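Take a look at the letters that make up each chain.
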Amino acid sequence: MNWLKPHRRSILRSLAALPGVGALMPATASAAAAARIGAVDRDVISELGVRTFINAAGTYTSLTASLMPREVWNAMTVASRKYAPLQDLHDAVGARIAELTKSEAALVSAGAASALAIGTAGVIAGTDREKIEQLPDTRGMKNEVIVQKSHRNGYDHAVRNAGIRMIEVETAEELESAIHSRTAMMFFLQSANDTGQIGYEEFAKLGKKHNIPTMIDAAADLPPVENFWKFTKAGFDLAIFSGGKGIKGPQSAGLLLGRKDLIEAGRQNSSPNSNSLGRISKVNKEELVGMMVAVEMFVNRDHAAVWKDWEDQCNRIAGYVKSVKGVTTEIKVPELANMVPHLHVNWDHATVGKTPKDVVKELREGNPSIEVRPGSTEELVVAVWMMQPGQDRIVGQRLGQVLKG
Ligand SMILES: *Cc1c(COP(=O)(O)O)cnc(C)c1O
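All residue numbers refer to positions counted from 1 along the written sequence of the respective chain. Two thresholds apply to this predicted model, a pLDDT of at least 70 for residue-level local features and 80 or more for giving and counting side-chain atom pairs, whereas whole-chain, interface and lining totals are computed over all residues. Water and hydrogen atoms play no part in the side-chain values, which are based on all heavy atoms of the structure.

Draft legend 1. Representation of the environment of K322 within the structure. The secondary structure listing takes helices from DSSP runs of H or I that are at least 4 residues long and strands from runs of E that are at least 2 residues long, numbered from the N terminus. Here K322 shows up in the loop between α14 (303-321) and β9 (327-332). When the C-alpha atoms of K322 and V345 are compared, they prove to be 8.8 Å apart, with 23 residues separating the residues in sequence. Only heavy atoms enter the contact rule, under which two residues are in contact if any of them lie within 4.5 Å. Apart from residues lying up to four places away in sequence, K322 is in contact with V327 and T329.

Draft legend 2. View of the packing of helix α4 (residues 70-79) against helix α13 (residues 285-300). Taken N-terminus to C-terminus, the directions of α4 and α13 make an angle of 150°; their axes are 8 Å apart at the nearest point. In terms of orientation, α4 and α13 fall into the roughly antiparallel class. Between α4 and α13 the crossing geometry is right-handed. Counting all contacts with α4, which are made through E71, V72, A75, M76 and A79, the residues of α13 involved are K285, E286, E287, V289, G290, V293, A294 and M297. Interaxial angle, 0 to 180 degrees, is taken between N-to-C directions of lines fitted to C-alpha atoms, where a helix line uses only the stretch in contact. Throughout this description, any angle smaller than 35 degrees is read as roughly parallel, any larger than 145 degrees as roughly antiparallel, any in the 65 to 115 degree range as roughly perpendicular, and the remainder as oblique. Take the far helix as your reference; a near helix turned counterclockwise from it by less than a right angle gives a left-handed crossing, and one turned clockwise gives a right-handed crossing.

Draft legend 3. Expanded view of the pairing of strand β7 (residues 238-242). Throughout this description, buried means an accessible area under 20% of the type-specific maximum (1.4 Å probe, protein chains only), exposed means over 50%, and partly exposed covers the range between. The buried fraction of β7 amounts to five of the five residues, a majority that puts the element mostly inside the structure. With burial as the criterion, each face of β7 is covered, one bearing L238, I240 and S242 and the other bearing A239 and F241. By the bridge criterion, three bridges tie strand β6 (residues 214-217) to β7 in an arrangement that is parallel. Bridge pairing in β7 links M215 to L238. The path from the first strand over the helix to the second decides the hand: if it runs clockwise while the strands point away from the viewer, the crossover is right-handed. Of the crossover connections in this fold, the one passing from β6 over helix α11 (residues 227-233) to the parallel β7 is right-handed. One bridge is not enough; two strands pair if DSSP finds at least two bridges between them.

Draft legend 4. Just the sheet that holds strand β12 (residues 373-374), in detail. The four strands lie next to each other as β9-β10-β13-β12, forming an open sheet whose pairing is antiparallel. Either end of the sheet is taken by a strand with one partner, and the two such strands are β9 and β12. Two strands pair when backbone bridges link them, and β9 and strand β10 (residues 342-347) are joined in this way by six bridges, in the antiparallel orientation. Its bridge partner lying in β10, T329 is registered against V345. Across the sheet, α14 lies against β9, β10 and β13 (379-383), angled at about 175° from β9, the strand it touches most. Its contacts with the sheet place helix α16 (residues 356-365) against β10, β12 and β13, and it is angled at close to 40° to β13.

Draft legend 5. Spatial organisation of the domain arrangement of the protein. Domains are outlined according to an automatic or database domain assignment. The domains assigned to the protein are domain 1 (83-300) and domain 2 (303-404). On a C-alpha basis, the centres of domain 1 and domain 2 stand 34 Å from each other. At the interface, 16 residues of domain 1 touch nine residues of domain 2. What gets called buried area is simply the loss in accessible area from a 1.4 Å probe that two parts show on being joined, summed for both. Across the domain 1 to domain 2 interface the summed buried area is about 890 Å²; carbon plus sulfur atoms make up 68%. Of all residues in domain 1, A220, P223 and K248 bury the most surface against domain 2, accounting for 44% of the area lost on that side. Any carboxyl oxygen of Asp or Glu that lies within 4 Å of a side-chain nitrogen of Lys or Arg is treated as forming a salt bridge with it. Scanning the region where domain 1 abuts domain 2 turns up zero salt bridges. Classification used: nonpolar for Ala, Val, Leu, Ile, Met, Phe, Trp, Tyr, Cys and Pro, charged for Asp, Glu, Lys and Arg, polar for all others including Gly. Looking at the side of domain 1 that touches domain 2 residue by residue, the classes come out as seven nonpolar, five polar and four charged.

Draft legend 6. Spotlight on the sheet that holds strand β5 (residues 183-189). Read from one edge to the other, the open sheet built from seven strands follows the order β2-β8-β7-β6-β5-β3-β4, with strand pairing classed as mixed. The sheet terminates laterally at β2 (105-109) and β4 (165-169), the two strands that pair on one side only. Within this sheet the neighbouring strands show an average axis-to-axis angle of 25°, counted without direction. Most of the contacts of helix α5 (residues 86-100) go to β2, to which it runs at about 120°, and overall it touches β2 and β8 (254-258). Its contacts with the sheet put helix α6 (residues 112-125) on β2, β5, β6, β7 and β8, and the angle it makes with β7 is roughly 160°.

Draft legend 7. Molecular detail of the confidence of the model for the protein. For the protein, the mean per-residue pLDDT works out to 93, and 92% of the residues sit at or above 70. Per-residue pLDDT stays below 50 along residues 1-17; that stretch engages in 29 contacts with residues further than four places along the chain or on separate chains. Known as pLDDT, the predictor's per-residue confidence is scaled from 0 to 100. Considering only residues more than four positions removed or in separate chains, one finds that residues 19-26, a stretch of pLDDT under 50, has six contacts.

Draft legend 8. Here's a closer look at the nonpolar core. Side-chain atoms within 4.5 Å are what join buried Ala, Val, Leu, Ile, Met, Phe, Trp, Tyr and Cys residues into a set we call a nonpolar core. Core analysis: the largest hydrophobic core is formed by 47 residues, its most contacted members being F228 and L255. Top contributing element to this core by residue count: α13, with nine residues. Apart from the residues lying within four places of it in its own chain, the contact partners of L255 are I97, L107, V108, S109, A115, F228, A239, I240, F241, I247, M291 and V295. Of all hydrophobic cores here, the second largest spans 34 residues; its members include A121, A125, V145 and L262.

Here you go:
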């Protein structure tokens, strides 16, 4: 990606314009920054000259994904001013999130990826201290995880972190005959539900039938809010969600939901226990309280009103671009993952004279900078759910201008 940076000189100029800073105007940018330490509105990102943008792309980690609501960071700020016994806070936050998500138990992890790793470690090592300390060396433990071939994905590296081997199958018959004494777990990727031969409900049932723990990665599958309990109700022993995607919790948080004994085992395989696999993915009180507030807000919000707002935003953007010759738009909702209204913008490339890639680049390099992902080489997909109020109009206007040329 072409990350544009403002010129250093213009940053210094804008610092010099601040009251009280000009008089001290230091020779270097870092000295200027030092003069601003403590300013309530200190904006470190722009001080450093790093580009910010309107996020019309979606919940991409490399684009910093989502913005926490004020209520979330308020709770984090208040928590940041006091100490608390971390395990007690884990207990209390876990109990509250379990209640909200209708799960037996819940654990806040350092992202969904961390939940995949510590959840798997918990399944394999349980609460046995020696085994916990031995991981990721799984000698003497069950260490095979069965997965449908089409469900293999980059994030399952986190499952493999626990020292397991993935056993790939395609049919239910193959799955059942792959089960033996070293089978530790069965893993399912919800965003691949329509690609494999075994759907999520049958998969959970097969796990129950053979008494093998099942885990589902549903990181990007909220909303709908019902997914918080749909998978555990279907029989999955562990369900995983990202904290910083649709829930808009801390970007560095995730959720491991499910069976009480497995959540407890996951915790023991995790920070703050020093000699554990999960010690590399620490969660502190700020993420704990931030995640809890984000889940409260997500569960209790007016889902129909939020949905209508997303559609309205899509329609407003469509209003700006539809008048351009050769351009058509359509609102679509993905069936799996990021299941919210997206505006698909198509155009006749010859008439407009630009490819979606060209348009993405122009929007990125414009002012304000806007990030959009091309859906395919043929079209542009605008995600509205991570934008701030009012930004839909800016995106619509800019997109209209760029397409008009
Ligand atoms: C985003 C994602 C993850 C990782 O989530 P983090 O919270 O960023 O760790 C894992 N699995 C899937 C399917 C995802 O979409």
